[in-house]
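As a plain string of letters, each chain reads:
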Amino acid sequence: EPTTDPEALRRRAARVLHTARERTHALTGCVDDHDLTAQHSPLMSPLVWDLAHIGNQEEQWLLRAVGGRPALRPDIDPIYDAFEHPRAERPSLPLLPPAEARHYVAEVRGRALEVLEASPLHGAPLVDAGFAFGMIAQHEQQHDETMLITHQLRRGPAVLTAPEPPRPDGAAGPLPTEVLVPGGPFTMGTSTEPWALDNERPAHRREVPAFFIDTVPVSNGAYLRFVEDGGYRDRRWWSGPGWDLVREHDLRAPLFWRQEGRQWLRRRFGVVEPVPADEPVLHVSWYEADAYARWAGRRLPTEAEWEKAARYDPRSGRSTRYPWGDADPTPAHANLGQRHLRPAPVGAYAEGASPLGVRQLIGDVWEWTASDFLPYPGFTAFPYREYSQVFFGPAHKVLRGGSFAVDPVVCRGTFRNWDLPVRRQIFAGFRTARDAGPEVAG
Ligand code: AVJ
Ligand code: FE
(Lines give C-alpha, C1' and ligand atoms only; values in the text may rest on other atoms or scores of the structure.)
(Ligands and ions follow the chains in the order given, each with its own letter.)
Protein backbone atom coordinates (compact mmCIF):
# COMPACT_ATOMS: atom_id res chain seq x y z
CA GLU A 1 0.00 0.00 0.00
CA PRO A 2 1.40 3.43 -0.96
CA THR A 3 2.24 5.37 2.19
CA THR A 4 0.60 8.67 3.05
CA ASP A 5 2.69 9.34 6.17
CA PRO A 6 4.43 12.65 5.33
CA GLU A 7 7.61 11.76 7.24
CA ALA A 8 7.94 8.43 5.40
CA LEU A 9 7.27 10.21 2.09
CA ARG A 10 9.92 12.83 2.91
CA ARG A 11 12.49 10.17 3.73
CA ARG A 12 11.72 8.30 0.51
CA ALA A 13 11.87 11.47 -1.60
CA ALA A 14 15.17 12.53 0.01
CA ARG A 15 16.58 9.03 -0.52
CA VAL A 16 15.75 8.81 -4.26
CA LEU A 17 17.04 12.35 -4.86
CA HIS A 18 20.27 11.40 -3.10
CA THR A 19 20.65 8.14 -5.07
CA ALA A 20 20.19 10.04 -8.33
CA ARG A 21 22.79 12.62 -7.34
CA GLU A 22 25.35 9.96 -6.44
CA ARG A 23 24.91 8.47 -9.90
CA THR A 24 25.20 11.90 -11.53
CA HIS A 25 28.44 12.49 -9.63
CA ALA A 26 29.82 9.10 -10.66
CA LEU A 27 29.08 9.78 -14.33
CA THR A 28 30.46 13.32 -14.35
CA GLY A 29 33.31 12.86 -11.87
CA CYS A 30 35.26 10.20 -13.76
CA VAL A 31 36.28 12.39 -16.72
CA ASP A 32 38.20 15.69 -16.95
CA ASP A 33 36.75 19.09 -17.83
CA HIS A 34 37.67 18.69 -21.46
CA ASP A 35 35.69 15.44 -21.66
CA LEU A 36 32.75 17.03 -19.85
CA THR A 37 32.45 19.89 -22.33
CA ALA A 38 33.29 17.90 -25.49
CA GLN A 39 30.60 16.50 -27.73
CA HIS A 40 31.28 12.79 -28.04
CA SER A 41 28.58 12.28 -30.66
CA PRO A 42 26.25 14.67 -32.51
CA LEU A 43 23.45 12.47 -31.14
CA MET A 44 24.26 13.48 -27.56
CA SER A 45 24.73 16.61 -25.44
CA PRO A 46 28.03 17.39 -23.75
CA LEU A 47 27.89 15.79 -20.28
CA VAL A 48 28.08 19.23 -18.68
CA TRP A 49 24.83 20.20 -20.45
CA ASP A 50 23.00 17.22 -18.89
CA LEU A 51 24.48 18.15 -15.50
CA ALA A 52 23.20 21.73 -15.45
CA HIS A 53 19.93 20.74 -17.18
CA ILE A 54 19.28 18.37 -14.24
CA GLY A 55 19.75 21.30 -11.84
CA ASN A 56 17.68 23.67 -13.97
CA GLN A 57 14.67 21.30 -14.08
CA GLU A 58 14.99 20.85 -10.31
CA GLU A 59 15.10 24.61 -9.86
CA GLN A 60 12.02 25.16 -12.04
CA TRP A 61 9.87 22.44 -10.45
CA LEU A 62 10.99 22.13 -6.85
CA LEU A 63 12.18 25.65 -6.03
CA ARG A 64 9.86 27.76 -8.18
CA ALA A 65 6.69 25.66 -8.79
CA VAL A 66 6.51 23.77 -5.47
CA GLY A 67 8.47 26.09 -3.17
CA GLY A 68 7.19 29.37 -4.67
CA ARG A 69 10.72 30.71 -4.38
CA PRO A 70 12.20 33.40 -6.62
CA ALA A 71 14.24 32.18 -9.58
CA LEU A 72 17.89 31.52 -8.81
CA ARG A 73 19.22 31.59 -12.37
CA PRO A 74 16.40 32.57 -14.77
CA ASP A 75 19.08 33.70 -17.24
CA ILE A 76 20.09 30.11 -17.98
CA ASP A 77 16.59 28.66 -18.53
CA PRO A 78 16.76 29.02 -22.34
CA ILE A 79 20.18 27.34 -22.56
CA TYR A 80 18.90 24.23 -20.81
CA ASP A 81 15.54 24.09 -22.57
CA ALA A 82 15.71 20.84 -24.57
CA PHE A 83 13.13 22.15 -27.06
CA GLU A 84 14.97 25.35 -27.90
CA HIS A 85 18.24 23.68 -28.77
CA PRO A 86 18.66 20.29 -30.48
CA ARG A 87 21.49 18.20 -29.07
CA ALA A 88 23.80 18.87 -32.04
CA GLU A 89 23.95 22.61 -31.29
CA ARG A 90 24.36 22.41 -27.50
CA PRO A 91 28.18 22.50 -27.52
CA SER A 92 28.08 25.98 -29.08
CA LEU A 93 25.86 27.42 -26.33
CA PRO A 94 27.32 29.52 -23.49
CA LEU A 95 27.09 26.55 -21.08
CA LEU A 96 28.05 26.84 -17.43
CA PRO A 97 31.64 25.56 -17.17
CA PRO A 98 32.02 22.34 -15.11
CA ALA A 99 32.87 23.98 -11.77
CA GLU A 100 29.94 26.41 -12.06
CA ALA A 101 27.57 23.65 -13.14
CA ARG A 102 28.56 21.57 -10.08
CA HIS A 103 28.11 24.56 -7.79
CA TYR A 104 24.70 25.33 -9.34
CA VAL A 105 23.26 21.81 -8.97
CA ALA A 106 24.50 21.61 -5.36
CA GLU A 107 22.94 24.98 -4.51
CA VAL A 108 19.62 23.99 -6.07
CA ARG A 109 19.65 20.68 -4.19
CA GLY A 110 20.25 22.32 -0.83
CA ARG A 111 17.20 24.54 -1.34
CA ALA A 112 15.10 21.70 -2.77
CA LEU A 113 15.62 19.74 0.46
CA GLU A 114 14.43 22.78 2.42
CA VAL A 115 11.30 22.89 0.24
CA LEU A 116 10.79 19.17 0.86
CA GLU A 117 10.94 19.73 4.64
CA ALA A 118 8.36 22.52 4.42
CA SER A 119 5.91 20.98 1.93
CA PRO A 120 2.76 19.29 3.31
CA LEU A 121 2.99 16.67 0.50
CA HIS A 122 -0.78 16.74 0.03
CA GLY A 123 -3.47 19.16 -1.03
CA ALA A 124 -2.39 19.76 -4.65
CA PRO A 125 -1.70 17.31 -7.48
CA LEU A 126 1.89 18.51 -7.91
CA VAL A 127 2.85 17.65 -4.33
CA ASP A 128 0.41 14.84 -3.44
CA ALA A 129 2.42 11.85 -2.17
CA GLY A 130 5.58 13.79 -3.02
CA PHE A 131 4.91 13.60 -6.77
CA ALA A 132 7.11 16.52 -7.89
CA PHE A 133 10.06 15.20 -5.86
CA GLY A 134 9.61 11.73 -7.36
CA MET A 135 9.27 13.25 -10.82
CA ILE A 136 12.53 15.20 -10.42
CA ALA A 137 14.41 12.13 -9.13
CA GLN A 138 13.09 10.23 -12.17
CA HIS A 139 14.15 13.07 -14.45
CA GLU A 140 17.68 13.04 -13.05
CA GLN A 141 17.89 9.27 -13.39
CA GLN A 142 16.67 9.48 -17.01
CA HIS A 143 19.52 11.88 -17.73
CA ASP A 144 21.90 9.54 -15.88
CA GLU A 145 20.92 6.88 -18.41
CA THR A 146 21.44 9.42 -21.22
CA MET A 147 24.89 10.22 -19.81
CA LEU A 148 25.73 6.52 -19.71
CA ILE A 149 24.86 6.36 -23.42
CA THR A 150 27.28 9.27 -23.95
CA HIS A 151 29.96 7.27 -22.09
CA GLN A 152 29.30 4.30 -24.40
CA LEU A 153 29.71 6.53 -27.48
CA ARG A 154 32.84 8.21 -26.11
CA ARG A 155 36.13 7.02 -27.60
CA GLY A 156 39.22 6.30 -25.53
CA PRO A 157 40.11 4.05 -22.61
CA ALA A 158 37.52 2.82 -20.11
CA VAL A 159 36.69 5.11 -17.17
CA LEU A 160 33.72 3.19 -15.70
CA THR A 161 33.85 -0.24 -14.10
CA ALA A 162 31.29 -2.44 -12.34
CA PRO A 163 31.01 -6.04 -11.13
CA GLU A 164 29.64 -8.72 -13.45
CA PRO A 165 25.89 -9.44 -13.35
CA PRO A 166 24.67 -12.80 -12.00
CA ARG A 167 24.53 -15.85 -14.30
CA PRO A 168 21.44 -18.08 -14.65
CA ASP A 169 21.46 -20.82 -12.02
CA GLY A 170 20.09 -23.44 -14.44
CA ALA A 171 18.86 -25.49 -11.48
CA ALA A 172 15.41 -26.03 -12.97
CA GLY A 173 16.82 -27.24 -16.30
CA PRO A 174 16.41 -25.51 -19.66
CA LEU A 175 13.64 -22.91 -19.93
CA PRO A 176 10.82 -23.29 -22.47
CA THR A 177 11.50 -21.01 -25.46
CA GLU A 178 8.08 -19.34 -25.23
CA VAL A 179 5.18 -18.86 -22.85
CA LEU A 180 1.44 -18.83 -23.61
CA VAL A 181 -0.38 -15.80 -22.23
CA PRO A 182 -4.12 -16.57 -22.14
CA GLY A 183 -6.61 -14.34 -23.98
CA GLY A 184 -9.03 -11.94 -22.28
CA PRO A 185 -9.10 -8.50 -20.75
CA PHE A 186 -6.51 -7.12 -18.33
CA THR A 187 -5.88 -3.79 -16.61
CA MET A 188 -3.27 -1.70 -18.45
CA GLY A 189 -1.74 1.47 -17.02
CA THR A 190 -2.29 2.81 -13.51
CA SER A 191 -4.38 5.29 -11.55
CA THR A 192 -2.85 4.43 -8.16
CA GLU A 193 0.96 4.31 -8.57
CA PRO A 194 1.80 7.62 -6.85
CA TRP A 195 4.86 8.56 -8.93
CA ALA A 196 3.65 7.18 -12.27
CA LEU A 197 4.09 9.78 -15.02
CA ASP A 198 1.22 11.15 -17.09
CA ASN A 199 1.56 8.74 -20.03
CA GLU A 200 1.12 5.67 -17.73
CA ARG A 201 -2.32 6.90 -16.69
CA PRO A 202 -5.18 6.14 -16.31
CA ALA A 203 -5.74 2.42 -15.62
CA HIS A 204 -8.09 0.96 -18.26
CA ARG A 205 -9.28 -2.45 -19.45
CA ARG A 206 -7.72 -3.90 -22.61
CA GLU A 207 -8.80 -6.97 -24.48
CA VAL A 208 -5.70 -8.95 -25.49
CA PRO A 209 -6.18 -12.22 -27.44
CA ALA A 210 -4.02 -15.21 -26.47
CA PHE A 211 -0.41 -14.99 -27.67
CA PHE A 212 2.97 -16.62 -27.18
CA ILE A 213 5.94 -14.53 -26.02
CA ASP A 214 9.64 -15.43 -25.76
CA THR A 215 10.63 -16.54 -22.24
CA VAL A 216 13.78 -14.40 -22.47
CA PRO A 217 15.04 -11.51 -24.63
CA VAL A 218 16.63 -12.40 -28.01
CA SER A 219 20.29 -13.25 -27.36
CA ASN A 220 23.39 -12.19 -29.30
CA GLY A 221 23.80 -15.83 -30.36
CA ALA A 222 20.30 -15.96 -31.85
CA TYR A 223 20.76 -12.56 -33.48
CA LEU A 224 24.09 -13.68 -34.94
CA ARG A 225 22.28 -16.49 -36.79
CA PHE A 226 20.19 -13.80 -38.51
CA VAL A 227 23.35 -11.84 -39.35
CA GLU A 228 25.18 -14.91 -40.69
CA ASP A 229 22.13 -16.04 -42.64
CA GLY A 230 22.52 -12.82 -44.68
CA GLY A 231 19.65 -11.11 -42.88
CA TYR A 232 21.02 -7.62 -43.54
CA ARG A 233 21.23 -8.35 -47.30
CA ASP A 234 17.77 -9.86 -47.74
CA ARG A 235 15.05 -7.36 -48.63
CA ARG A 236 12.33 -9.85 -47.62
CA TRP A 237 12.80 -9.32 -43.88
CA TRP A 238 12.69 -5.53 -43.84
CA SER A 239 9.99 -2.88 -43.78
CA GLY A 240 10.37 -0.17 -46.48
CA PRO A 241 12.00 2.43 -44.19
CA GLY A 242 14.03 -0.32 -42.49
CA TRP A 243 15.53 -1.37 -45.81
CA ASP A 244 16.28 2.29 -46.64
CA LEU A 245 18.15 2.60 -43.30
CA VAL A 246 20.20 -0.55 -43.97
CA ARG A 247 21.23 0.65 -47.43
CA GLU A 248 21.85 4.27 -46.50
CA HIS A 249 24.17 3.39 -43.61
CA ASP A 250 25.39 0.02 -44.93
CA LEU A 251 24.23 -1.67 -41.69
CA ARG A 252 25.54 -5.21 -41.17
CA ALA A 253 25.24 -5.88 -37.42
CA PRO A 254 24.25 -4.10 -34.17
CA LEU A 255 25.95 -0.80 -33.35
CA PHE A 256 29.40 -1.23 -31.72
CA TRP A 257 29.94 -4.69 -33.30
CA ARG A 258 32.78 -5.44 -35.71
CA GLN A 259 33.98 -8.58 -37.42
CA GLU A 260 37.60 -9.71 -37.30
CA GLY A 261 38.17 -12.84 -39.39
CA ARG A 262 35.44 -15.18 -38.24
CA GLN A 263 35.09 -13.58 -34.84
CA TRP A 264 32.60 -10.90 -33.82
CA LEU A 265 33.83 -8.28 -31.36
CA ARG A 266 32.06 -5.40 -29.68
CA ARG A 267 33.13 -2.25 -27.91
CA ARG A 268 31.55 -1.74 -24.47
CA PHE A 269 32.48 1.32 -22.38
CA GLY A 270 35.96 1.52 -23.86
CA VAL A 271 36.75 -2.22 -23.85
CA VAL A 272 36.73 -4.44 -26.95
CA GLU A 273 35.57 -8.00 -26.23
CA PRO A 274 34.11 -11.02 -28.05
CA VAL A 275 30.34 -10.76 -28.45
CA PRO A 276 28.90 -12.94 -25.64
CA ALA A 277 26.42 -15.38 -27.23
CA ASP A 278 24.18 -15.74 -24.18
CA GLU A 279 23.65 -12.03 -23.44
CA PRO A 280 20.55 -10.18 -24.72
CA VAL A 281 21.28 -8.34 -27.96
CA LEU A 282 21.77 -4.58 -27.45
CA HIS A 283 22.04 -1.52 -29.70
CA VAL A 284 19.62 -2.53 -32.42
CA SER A 285 17.11 -0.16 -33.99
CA TRP A 286 13.38 -0.92 -34.08
CA TYR A 287 13.84 -1.73 -37.78
CA GLU A 288 16.44 -4.41 -37.00
CA ALA A 289 14.24 -5.92 -34.27
CA ASP A 290 11.30 -5.95 -36.69
CA ALA A 291 13.40 -7.60 -39.44
CA TYR A 292 14.80 -10.25 -37.09
CA ALA A 293 11.29 -11.13 -35.91
CA ARG A 294 10.08 -11.54 -39.52
CA TRP A 295 13.12 -13.71 -40.34
CA ALA A 296 12.31 -15.87 -37.30
CA GLY A 297 8.69 -16.27 -38.50
CA ARG A 298 7.49 -14.18 -35.57
CA ARG A 299 6.70 -10.53 -34.74
CA LEU A 300 7.35 -7.93 -32.04
CA PRO A 301 4.84 -7.97 -29.17
CA THR A 302 2.43 -5.05 -29.03
CA GLU A 303 2.79 -2.75 -26.05
CA ALA A 304 -0.43 -4.18 -24.53
CA GLU A 305 0.91 -7.73 -24.94
CA TRP A 306 4.17 -6.77 -23.29
CA GLU A 307 2.39 -5.21 -20.32
CA LYS A 308 0.00 -8.13 -19.97
CA ALA A 309 2.97 -10.54 -19.94
CA ALA A 310 4.63 -8.35 -17.29
CA ARG A 311 1.67 -7.56 -15.02
CA TYR A 312 -1.25 -9.92 -15.49
CA ASP A 313 -1.50 -12.53 -12.74
CA PRO A 314 -3.77 -15.35 -14.01
CA ARG A 315 -4.24 -16.61 -10.42
CA SER A 316 -5.93 -13.42 -9.23
CA GLY A 317 -6.90 -11.77 -12.53
CA ARG A 318 -5.16 -8.61 -11.20
CA SER A 319 -2.39 -6.53 -12.69
CA THR A 320 0.63 -6.30 -10.37
CA ARG A 321 3.25 -3.52 -10.25
CA TYR A 322 6.04 -5.84 -11.45
CA PRO A 323 6.22 -9.36 -12.95
CA TRP A 324 7.10 -10.81 -9.52
CA GLY A 325 4.32 -8.99 -7.65
CA ASP A 326 3.91 -5.63 -5.94
CA ALA A 327 7.22 -5.44 -4.02
CA ASP A 328 9.81 -2.85 -5.08
CA PRO A 329 12.72 -4.31 -7.11
CA THR A 330 15.73 -5.72 -5.23
CA PRO A 331 19.03 -6.87 -6.78
CA ALA A 332 17.60 -10.43 -6.76
CA HIS A 333 14.71 -9.44 -9.05
CA ALA A 334 16.31 -7.50 -11.87
CA ASN A 335 19.43 -5.93 -13.33
CA LEU A 336 18.77 -2.22 -12.76
CA GLY A 337 20.48 0.93 -11.54
CA GLN A 338 23.84 0.71 -13.34
CA ARG A 339 25.01 -1.80 -10.71
CA HIS A 340 26.38 -3.75 -13.69
CA LEU A 341 27.46 -2.20 -16.96
CA ARG A 342 25.90 -4.88 -19.15
CA PRO A 343 22.79 -7.07 -19.34
CA ALA A 344 22.83 -10.41 -17.49
CA PRO A 345 22.84 -13.59 -19.62
CA VAL A 346 19.40 -14.70 -20.79
CA GLY A 347 17.67 -16.89 -18.19
CA ALA A 348 19.04 -15.04 -15.17
CA TYR A 349 16.87 -13.58 -12.39
CA ALA A 350 14.57 -16.53 -11.64
CA GLU A 351 13.16 -14.47 -8.75
CA GLY A 352 12.05 -11.79 -11.17
CA ALA A 353 9.97 -14.16 -13.34
CA SER A 354 6.27 -13.52 -13.99
CA PRO A 355 3.67 -16.02 -12.70
CA LEU A 356 3.65 -17.58 -16.19
CA GLY A 357 7.45 -17.82 -16.18
CA VAL A 358 8.53 -14.93 -18.44
CA ARG A 359 12.02 -13.72 -17.42
CA GLN A 360 13.91 -10.44 -17.49
CA LEU A 361 10.96 -8.27 -18.48
CA ILE A 362 12.29 -5.67 -16.05
CA GLY A 363 15.92 -4.55 -16.39
CA ASP A 364 18.75 -5.81 -18.63
CA VAL A 365 17.61 -4.28 -21.96
CA TRP A 366 14.83 -1.95 -23.04
CA GLU A 367 12.49 -3.94 -25.25
CA TRP A 368 11.15 -2.53 -28.51
CA THR A 369 7.43 -3.15 -28.98
CA ALA A 370 5.41 -3.09 -32.22
CA SER A 371 3.40 -0.09 -30.98
CA ASP A 372 3.43 3.63 -31.70
CA PHE A 373 3.60 5.93 -28.66
CA LEU A 374 -0.02 6.99 -28.12
CA PRO A 375 -2.03 8.36 -25.18
CA TYR A 376 -4.26 6.02 -23.17
CA PRO A 377 -8.00 6.73 -23.21
CA GLY A 378 -8.58 9.54 -20.70
CA PHE A 379 -4.97 10.84 -20.82
CA THR A 380 -4.29 14.31 -19.41
CA ALA A 381 -0.91 15.99 -19.73
CA PHE A 382 0.62 16.52 -16.27
CA PRO A 383 2.45 18.53 -15.15
CA TYR A 384 3.75 19.69 -18.55
CA ARG A 385 2.86 18.94 -22.17
CA GLU A 386 6.49 18.57 -23.20
CA TYR A 387 7.04 15.42 -21.14
CA SER A 388 4.79 13.10 -23.21
CA GLN A 389 2.09 14.83 -25.17
CA VAL A 390 4.23 16.45 -27.84
CA PHE A 391 5.76 13.04 -28.65
CA PHE A 392 2.52 11.11 -29.22
CA GLY A 393 2.06 9.83 -32.76
CA PRO A 394 3.42 7.39 -35.32
CA ALA A 395 6.99 8.80 -35.32
CA HIS A 396 7.94 7.14 -32.01
CA LYS A 397 7.88 3.46 -31.03
CA VAL A 398 7.34 2.32 -27.44
CA LEU A 399 10.07 0.57 -25.44
CA ARG A 400 9.27 -1.27 -22.22
CA GLY A 401 10.90 -2.78 -19.15
CA GLY A 402 14.00 -0.67 -18.54
CA SER A 403 17.65 -1.59 -18.98
CA PHE A 404 20.64 -2.22 -16.70
CA ALA A 405 21.17 1.55 -16.97
CA VAL A 406 17.77 2.46 -15.47
CA ASP A 407 17.24 3.13 -11.78
CA PRO A 408 14.33 1.40 -10.01
CA VAL A 409 12.72 4.80 -9.28
CA VAL A 410 12.06 5.21 -12.99
CA CYS A 411 11.10 1.59 -13.76
CA ARG A 412 7.73 -0.10 -13.26
CA GLY A 413 5.49 -2.55 -15.09
CA THR A 414 3.56 0.48 -16.35
CA PHE A 415 6.55 2.67 -17.29
CA ARG A 416 6.62 3.75 -20.96
CA ASN A 417 9.68 4.86 -22.89
CA TRP A 418 9.72 5.88 -26.54
CA ASP A 419 12.19 6.69 -29.27
CA LEU A 420 12.59 7.02 -33.01
CA PRO A 421 12.71 3.61 -34.76
CA VAL A 422 16.17 4.41 -36.22
CA ARG A 423 17.81 4.82 -32.78
CA ARG A 424 20.63 2.34 -32.03
CA GLN A 425 22.76 3.98 -29.32
CA ILE A 426 20.09 3.42 -26.63
CA PHE A 427 20.30 0.30 -24.45
CA ALA A 428 17.61 -1.47 -26.46
CA GLY A 429 17.02 -5.08 -27.42
CA PHE A 430 13.75 -6.98 -27.85
CA ARG A 431 11.88 -10.25 -27.57
CA THR A 432 9.47 -11.76 -30.11
CA ALA A 433 5.88 -13.03 -30.00
CA ARG A 434 3.29 -14.79 -32.14
CA ASP A 435 -0.50 -15.15 -32.22
CA ALA A 436 -1.71 -18.19 -30.30
CA GLY A 437 -4.19 -19.11 -33.02
CA PRO A 438 -7.76 -20.41 -32.61
CA GLU A 439 -6.85 -23.73 -30.95
CA VAL A 440 -5.70 -22.04 -27.73
CA ALA A 441 -7.56 -18.73 -28.02
CA GLY A 442 -10.13 -19.80 -25.34
C1 AVJ B 1 11.36 9.48 -21.83
C2 AVJ B 1 13.67 8.96 -22.14
C3 AVJ B 1 12.35 9.70 -23.99
O4 AVJ B 1 15.30 11.44 -22.47
O5 AVJ B 1 14.09 12.34 -24.02
C6 AVJ B 1 14.31 13.67 -20.01
C7 AVJ B 1 13.05 11.59 -20.78
N8 AVJ B 1 12.29 14.01 -20.71
N9 AVJ B 1 14.05 14.99 -19.93
C10 AVJ B 1 14.21 11.74 -22.96
C11 AVJ B 1 13.22 13.06 -20.50
C12 AVJ B 1 12.81 15.21 -20.35
C13 AVJ B 1 12.93 11.32 -22.26
N14 AVJ B 1 12.59 9.88 -22.55
FE1 FE C 1 15.40 16.51 -19.41
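So, here is what we can say about the structure in this document. Bear in mind that the values here come from a model prediction, so they are computed numbers and not experimental data.

Some details on the sheet that holds strand S1 (residues 178-181)
Then, number 1: Strands sit in the order S1-S4-S12 across an open sheet of 3 strands; the sheet is antiparallel. The open sheet has two edge strands with one neighbour each: S1 and strand S12 (433-435). Adjacent strand axes in the sheet meet at a mean angle of 20° when their direction is disregarded.
Then, number 2: Relative to strand S4 (residues 211-214), S1 is paired through 4 bridges, and the arrangement is antiparallel. The residue bridging valine 181 from the neighbouring strand is phenylalanine 211, located in S4.
Then, number 3: Contacting S1, S4 and S12, helix H9 (residues 303-311) runs over the sheet at an angle of about 75° to S4.

Examining the packing of helix H7 (residues 240-249) against helix H8 (residues 286-295)
Then, number 1: At their nearest, the axes of H7 and H8 sit 9 Å apart, and the two run at 115° to each other. What the angle tells us is that H7 and H8 run roughly perpendicular. The element H7 and its partner H8 pack so that their crossing is left-handed. Contacts from Pro241, Gly242 and Leu245 in H7 reach Tyr287, Asp290 and Ala291 in H8.
Then, number 2: Along the lines of polarity and charge, the residues of the contact of H7 with H8 split into 4 nonpolar, 1 polar and 1 charged.

Let's talk about the site of ligand 1
Then, number 1: The immediate surroundings of ligand 1 are formed by His139, Gln142, Thr146, Tyr387, Asn417 and Trp418.
Then, number 2: Breaking the shell around ligand 1 down by element, the ones donating at least two residues are helix H5 (131-153) and strand S10 (417-419).
Then, number 3: Here the shell around ligand 1 is composed, by residue class, of 2 nonpolar, 4 polar and no charged.

About the thresholds
- Residues numbered from 1 in each chain as written.
- Chains lettered and ligands numbered in written order.
- Predicted model: local features only at pLDDT ≥ 70, side-chain atom pairs only at ≥ 80, totals over all residues.
- Pairing = 2+ DSSP bridges.
- Helix = DSSP H or I, 4+ residues; strand = E, 2+ residues; numbered from the N terminus.
- Axes fitted to C-alpha atoms, helices over the stretch in contact; angles between N-to-C directions.
- Contact = placed C-beta atoms within 7 Å.
- Parallel < 35°, antiparallel > 145°, perpendicular 65-115°, else oblique.
- Left-handed = near helix turned anticlockwise from the far one by under 90°.
- Nonpolar A, V, L, I, M, F, W, Y, C, P; charged D, E, K, R; others polar.
- Near = placed C-beta within 6 Å.

Just distances and angles here, no functional claims.
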